[in-house]
Amino acid sequence: QLQLVESGGGLVQAGGSLRLSCAASGRTFSNYAMGWFRQAPGKEREIVAAINWSGSRTHYVDSVKGRFTISRVNAKNTMYLQMNSLKPEDTAGYYCAGSYSQTDVRLSPNEYDYWGPGTQVTVSS
């Protein structure tokens, strides 16, 4: 199985920045499209950003475009989410996920097979 562990969450003031990391192990990381999802209390899990196996293609939800950047370093088995200009509405649990694919990005939670336990991001106003 592909094992995933997130880190880098925390409490930050509005306008601040955080960088989340997702460390992968157990399988060949470059065989997997990856994604960052978030879920706030009482809301459905939504995709934040996704990246294909090589990093050549990315996708962002409209609400984070221009503020968040997804990236990966396959040699380090790690994916990142750089979050700038954070807003209180970005407060949520953030989860990384992996989907066996060497083609496109994957956008639906149902397309992902492996999930990390999550890391909490709280943005104060």
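Residues numbered from 1 in each chain as written. Predicted model: local features only at pLDDT ≥ 70, side-chain atom pairs only at ≥ 80, totals over all residues. Heavy atoms only, no water.

## Here's the deal with the state of the cysteines
Applying the stated criterion across every chain yields a total of one disulfide. Sulfur-sulfur distance for the disulfide between Cys22 and Cys96 comes to 2.1 Å. Its S-S torsion of approximately 60 degrees makes the covalent link between Cys22 and Cys96 right-handed. Here Cys22, found in strand β3 (residues 18–25), pairs with Cys96, found in strand β9 (residues 92–100); they are 74 residues apart in sequence, far enough to count as distant. Take Cys22: its relative accessible area is 0%, and that puts it in the buried class. (Disulfide = S-S within 2.5 Å. Helix = DSSP H or I, 4+ residues; strand = E, 2+ residues; numbered from the N terminus. Buried < 20%, exposed > 50% of the residue type's maximum accessible area, 1.4 Å probe, protein only.)

## Describing the nonpolar core
One finds Met34, Trp36, Met79, Leu81, Met83 and Tyr94 to be the most contacted residues of the largest nonpolar core, which totals 30 residues. When contributions to this core are tallied by element, the ones reaching two or more residues are β3, β4 (32–39), β5 (46–51), β7 (68–73), β8 (78–83), β9 and β11 (119–124). With six residues, the next largest nonpolar core counts Ile47, Ala97, Val105 and Tyr112 among its residues. (Core = buried A, V, L, I, M, F, W, Y, C linked by side-chain atoms within 4.5 Å.)

## Some words on the environment of Ala49
Locating Ala49 in the fold gives a position in strand β5. Overall, Ala49 belongs to the buried group, its relative accessible area being 0%. The contact partners of Ala49, leaving out residues within four places of it in the chain, are Gly35, Trp36, His59, Tyr60, Ile70 and Leu81. (Contact = heavy atoms within 4.5 Å.)

## Comments concerning the sheet that holds β7
With antiparallel pairing, four strands are arranged side by side in an open sheet as β1-β3-β8-β7. Looking along the sheet, the strands with just one partner apiece sit at the ends: β1 (3–7) and β7. In this sheet, adjacent strand axes meet at a mean angle of 15 degrees when their direction is disregarded. Relative to β8, β3 runs antiparallel, the two sharing six bridges. Across the sheet, the residue bridging to Arg19 is Gln82, located in β8. (Pairing = 2+ DSSP bridges. Axes fitted to C-alpha atoms, helices over the stretch in contact; angles between N-to-C directions.)

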